[in-house]
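# Summary of the model geometry
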Amino acid sequence: MKYYKIITYGCQMNEHESEKLSGILENLGYNLTGSDELADVIVFNTCCIRENAEQRAYGNIGALKRLKKANKNKIIAVGGCMPQQKDKAEILRDKFPFIDIIFGTHNLADFERLLKQRLEKGKKFIEISNDEYSIKECSFVKRSTYPSAYVNVMYGCNNFCSYCIVPYVRGRERSRNPEDILAEVKTLVESGYKEINLLGQNVDSYGKDLNPKVEFSTLLSRVAEIDGKFRIRFISNHPKDINENVAKTIKKYDKICNSIHFPVQSGSTKILGLMNRKYTREEYLEKIDMLRRIVPDIKITTDIMVGFPMELEDDFNDTLSLVEKVEFDGAFTFVYSPRSGTKAYSMDGHIDEKIKKERIVKLVDLQNSINRKIASKYLGKTLEILVDEFNLEQQIYIGRDEGGKVVHFNSDKNVVGEFVSIRITKASGISLYGEIV
Ligand code: 5AD
Ligand code: SF4
C-alpha cells in the first residue's frame, strides 16, 4: 500500500484545493494517512495571508527533516500560496533543502505530472507558473467535508485591498462557466450532499468576465432551482459590490441560507480608504440595512482587522462602535500582519505590537459579549439542523442551522448528513445544546 498525508493551512478555498490534491493522489493509488512515518508523500498546502500561517508551516516542514533523513524515498512537497509569493520558493528551498517539490497555486492541477517527474527523474525542483488568467480544472476531487461540499465559482481577486497578498498569489478574477458549476452541484446533490458552499474571493464579481456576462444572483437562483433538499451557502461577498438582487434571491429561495459573510475590516472611513476597500463606514451600514430590510432574519458574520497602519484610537473606537451597532452573528478578528509586496507594507504609521494586542483583546471581548447575548435568544427555539458529525470525544452530534449556529445534541441513531429538528435547551457561553423534537 502507498500512503499520503496533506497538511492544509488557510481558507476554505485552500481546504477545497487540498481535496483536489487528494483526488490526484488517490487516483495514483495512494491512501490517506495521518501518520508522517507511514506517508510516502507528504504535501503541505500552505497559506500566506498572515505571518503566523507562514510560521506554522515553517515549523511543521522543519520538523520533517529527521524523517526525511531516515527515509530518503519519502516525498515532501510544499505548494499553494506561500511559495507563489515573490522569492519565497527559493527561500523555502534554501531553508529546507530536503523538500522534493515546491509548486505554486497555478500548478496544483499539474501535481500528478510533478510527482511523476520527481519519482522518475529523481531531481528536486521548483515549479511556479504565473498563469494568472487561466482555469485548470481537476477531474477528480476527494471530498472530505460531507454532508457539505465546496464548489468553486471563480478564482483569483482583482480588488487589491492594500493589506492583502491574495491578488498577488492567486491571480486575476476568472469565473467558471455557469453550466460547469450547475453540473457539479447537480452531481453532488444526486450523490447525497446536503449543503453546497459556493467559493470565490469576491462572489459579487462573479460572471463579469464571462461572455455574455452573468450576475451572481442569476447563478444563485439557477443553483437553487436544482431539484432536491439541500442548502446553499456562499463566500465571500464584498460590501462595495453586493447589490439588492443578491438579497432578493436569498429571500426568494428557501434553499439559500439566510446568512451572509460580509467582511467589514474596519469601522473607520479613514482606515477603509487606506485599505482601498472602496466603501465608507456609512455605505457599509447602508448595505447592512438593505440586507436586513430585504431578508429580515438574515444572519451576518464578518471579518475585522485591528492595528492597520495609521489606526489611531479614534479609528479603533469607530470599529468598536460599528460592531456594537451591527451586532454581528459572528466575527473573525485579526491583528494586521504586514505582507511584503502589498501597498500597506510600505505605508507610514505602523502600529506598535502592544497596542495591536490591546485592541484585539477589546474587540474580541466585545464580540464575545454580543455572541453570548445572541446565543441566549435561541433558548426554547426549534431549529432545523443539518448534522455535520458525531464528535467521538464528546460523544455528541454537532450540526448547524441555516444561520450557521452550531448546535450540540444526542441521538440514539446515526443522523449525520440528515436534517433534524432540535429544540434549544441550553445556551452555555456561545455553545448551544438541544434535543431532537
Ligand atoms: N493581516 C491580517 N489579516 C488579514 N486578512 C487579510 N490580509 C490580512 C493581513 N495582512 C484578513 C481579512 C480577510 C481575512 C480572510 O483575512 O480580514 O477578510
Ligand atoms: Fe486562502 Fe489567502 Fe491563505 Fe491563500 S493566502 S490560502 S487565498 S487565505
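Relevant structure appears above.
Heads up: these notes are all about the structure in this document. Every chain begins its residue count from 1, and numbering advances along the sequence as written. For naming, the first written chain is A and the first written ligand is 1, with later ones following in the order written. Per-residue local features of the predicted model are confined to residues with pLDDT of at least 70, and side-chain atom pairs are confined, for both listing and counting, to 80 or more; whole-chain, interface and lining totals are unaffected and use all residues. Side-chain figures throughout are based on the complete set of non-hydrogen atoms in the structure, without hydrogens or water.

## A word on the overall build of the protein
- Comment: elements are numbered from the N terminus, with helices defined as DSSP H or I runs of at least four residues and strands as E runs of at least two. A tally of regular secondary structure across the protein gives 14 helices and 19 strands.
- For the exposure calls, accessible area comes from a 1.4 Å probe over protein chains only, and a residue counts as buried if that area is under 20% of its type's maximum, exposed if over 50%, partly exposed in between. Burial statistics for the protein: of 437 residues in total, 55% are counted as buried.
- Here the analysis covers contacts within the protein between residues at least 6 apart in sequence; of these, 74% occur between residues at least 24 apart.
- Carbon and sulfur atoms make up 50% of the accessible area of the protein, which totals about 19,600 Å². When checking whether two residues touch, look at their non-hydrogen atoms; a contact exists if any pair is within 4.5 Å. Using the Shrake-Rupley algorithm and a 1.4 Å probe, accessible areas are obtained, with residue cover drawn only from the displayed protein chains.

## Here we look at the sheet that holds strand S6 (residues 125–127)
- Strand order in this open sheet of 6 strands is S2-S1-S3-S4-S5-S6, and the pairing throughout is parallel. Looking at which strands have only one partner, the edges of the open sheet turn out to be strand S2 (30–32) and S6. Here the strands of the sheet are splayed against their neighbours by 20 degrees on average, with no regard to which way each runs.
- What makes two strands pair is DSSP finding at least two bridges between them. Sheet topology places strand S5 (residues 101–103) next to S6; 3 bridges connect them, and they run parallel. Counted as the bridge partner of Phe-103 is Glu-127 from S6. Angles shown run from 0 to 180 degrees and are taken between the N-to-C directions of axes, each axis being a line fitted to C-alpha atoms and, for helices, limited to the stretch in contact.

## With respect to the pairing of strand S3 (residues 41–46)
- A large share of S3 lies buried, amounting to 6 of its 6 residues.
- Note that strand S1 (residues 2–8) and S3 share 5 bridges and pair parallel. From the neighbouring strand, Lys-5 faces S3, where its bridge partner is Ile-42.
- Of the strand pairs in this sheet, S3 and strand S4 (residues 75–80) are connected by 6 bridges, and their pairing is parallel.

## A short note on the packing of aromatic side chains
- Centre distance within 6.5 Å is the pairing criterion for rings of Phe, Tyr and Trp, where only the six-membered ring of Trp is used; planes under 30 degrees apart are then read as stacked, over 60 as edge-to-face, and the remainder as tilted. All chains considered together, the criterion is met by 13 aromatic pairs.
- Ring geometry for Phe-216 versus Phe-234: centroids 5.4 Å apart, planes at 70 degrees, classification edge-to-face. Pair noted here: Phe-216 is in helix H9 (residues 216–224) and Phe-234 is in strand S11 (residues 231–235), with a separation of 18 residues, a long-range link.
- With a relative accessible area of 2%, Phe-216 lands in the buried category.
- Between Tyr-284 and Phe-328, the ring centres sit 6.4 Å apart and the planes meet at 55 degrees, which makes this aromatic pair tilted. With Tyr-284 in helix H12 (residues 281–294) and Phe-328 in the loop between helix H13 (313–326) and strand S14 (330–335), this residue pair connects regions lying 44 residues apart in the sequence.

## Comments concerning the site of ligand 1
- Throughout, the term near means that a residue has one or more heavy atoms lying within 4 Å of the molecule or strand in question. Every residue lining ligand 1 is accounted for by Ile-49, Arg-50, Tyr-163, Gln-265, Asp-303, Met-305, Phe-334, Val-335, Tyr-336, Ser-337 and Arg-339.
- A distance of 2.6 Å separates an oxygen atom of ligand 1 from a polar side-chain atom of Gln-265.
- A distance of 2.6 Å separates an oxygen atom of ligand 1 from a polar side-chain atom of Asp-303.
- Here ligand 1 loses 87% of its free accessible area of 400 Å² to cover by the protein chains.
- Mapped onto the shell around ligand 1, the elements with two or more residues apiece are strand S13 (299–306) and S14.
- Only Asp, Glu, Lys and Arg are considered charged in this grouping, and only Ala, Val, Leu, Ile, Met, Phe, Trp, Tyr, Cys and Pro are considered nonpolar; every other residue, Gly among them, is considered polar. Within the shell around ligand 1, the residues separate by chemical class into 6 nonpolar, 2 polar and 3 charged. We define a polar contact as two N or O atoms separated by no more than 3.5 Å, with the added condition that, inside protein, one atom must be a possible hydrogen donor and the other a possible acceptor, whereas residues neighbouring each other in sequence contribute only through side-chain atom pairs.

## Quick word on the site of ligand 2
- Taken together, Cys-11, Asn-14, Cys-47, Cys-48, Ile-49, Cys-81, Val-166, Arg-170 and Gln-201 are the residues near ligand 2.
- Residues that form the shell around ligand 2 fall into these classes: 6 nonpolar, 2 polar and 1 charged.

## Observations regarding helix H1 (residues 12–27)
- In a helix, the anticipated span is given by 1.5 Å times the number of residues less one. With 16 residues, H1 should reach 22 Å at 1.5 Å per residue; the first-to-last C-alpha distance of 23 Å fits that figure.
- With 12 of 16 residues buried, H1 is to be regarded as a mostly interior element.
- Listed as buried for H1 are Met-13, Asn-14, His-16, Glu-17, Ser-18, Glu-19, Lys-20, Leu-21, Ser-22, Gly-23, Ile-24 and Leu-25.
- Directly after H1, the chain includes Gly-29, whose backbone phi takes a positive value near 95 degrees.

## Some words on the state of the cysteines
- Two cysteine sulfurs form what is called a disulfide whenever their separation falls within 2.5 Å. Evaluated as defined, the whole model comprises 0 disulfides.
- Cysteine Cys-48 is unpaired, with the sulfur of Cys-81 as its nearest cysteine sulfur at 5.0 Å.

## Re the layout of surface pockets
- Whether a set of points on the 1 Å grid over the protein atoms alone is a cavity depends on a 1.4 Å probe fitting there but being unable to get out, while an open set qualifies as a pocket with protein on both sides within 12 Å along at least five of seven lines; lining residues are those with an atom within 4 Å of a point. Grid points are joined across faces, edges and corners, and a volume is the space filled by probe spheres set on the points. Its volume calculated, the second largest pocket comes out at about 590 Å³.
- Looking at the second largest pocket, it is lined by 28 residues, and the ones nearest its centre are Asp-297, Lys-299, Asp-401, Glu-402 and Gly-403.
- Put simply, the parts of the chain that give the lining of the second largest pocket at least two residues each are helix H10 (244–252) and strand S15 (382–391).

## Points about the nonpolar core
- Note on terminology: a nonpolar core comprises buried Ala, Val, Leu, Ile, Met, Phe, Trp, Tyr and Cys residues joined through side-chain atoms within 4.5 Å. With 82 residues, the main nonpolar core has Val-185, Ile-196, Leu-198, Tyr-206, Phe-234, Leu-291 and Phe-328 as its most contacted residues.
- Of all hydrophobic cores here, the second largest spans 21 residues; its members include Ala-57, Leu-67, Leu-92 and Phe-98.

## Let's talk about the pairing of S15
- The pairing of S15 with strand S18 (residues 419–428) spans 5 bridges and is classified as antiparallel. Note that in S18 the partner of Leu-383 across the bridge is Ile-422.
- Relative to strand S16 (residues 396–400), S15 runs antiparallel, the two being bridged by 5 bridges. Paired with Asn-391 across the strands is Ile-396, a residue of S16.
- Counted between consecutive antiparallel strands, the loop separating S15 from S16 contains 4 residues, among which Gln-395 sits at a positive phi close to 55 degrees.

## Digging into the side chain of Gln-265
- When you line up the elements, Gln-265 lands in the loop between strand S12 (259–261) and helix H11 (269–274).
- Separated by 3.3 Å, the side chains of Gln-265 and Tyr-163 make a polar contact.
- Beyond its immediate stretch of four places on either side in the chain, Gln-265 contacts Tyr-163, Met-275, Arg-277, Tyr-279, Asp-303, Ile-304 and Met-305.

## Things to note about a negative patch on the surface
- A surface patch of negative charge is lined by Glu-282, Glu-283, Glu-286 and Asp-289.
- As for its position among the elements, Glu-286 is in helix H12.
- With a relative accessible area of 53%, Glu-286 lands in the exposed category. Nonpolar side chains (Val, Leu, Ile, Met, Phe, Trp, Tyr) are joined into patches within 5 Å and like charges within 9 Å, using only residues with over 30% relative accessible area and no salt bridge. The working definition used for a salt bridge is a side-chain nitrogen of Lys or Arg within 4 Å of a carboxyl oxygen of Asp or Glu. His is not counted, nor are the chain ends; Lys and Arg add positive charge and Asp and Glu add negative charge. Taken as the charge location is NZ of Lys, CZ of Arg, CG of Asp or CD of Glu.

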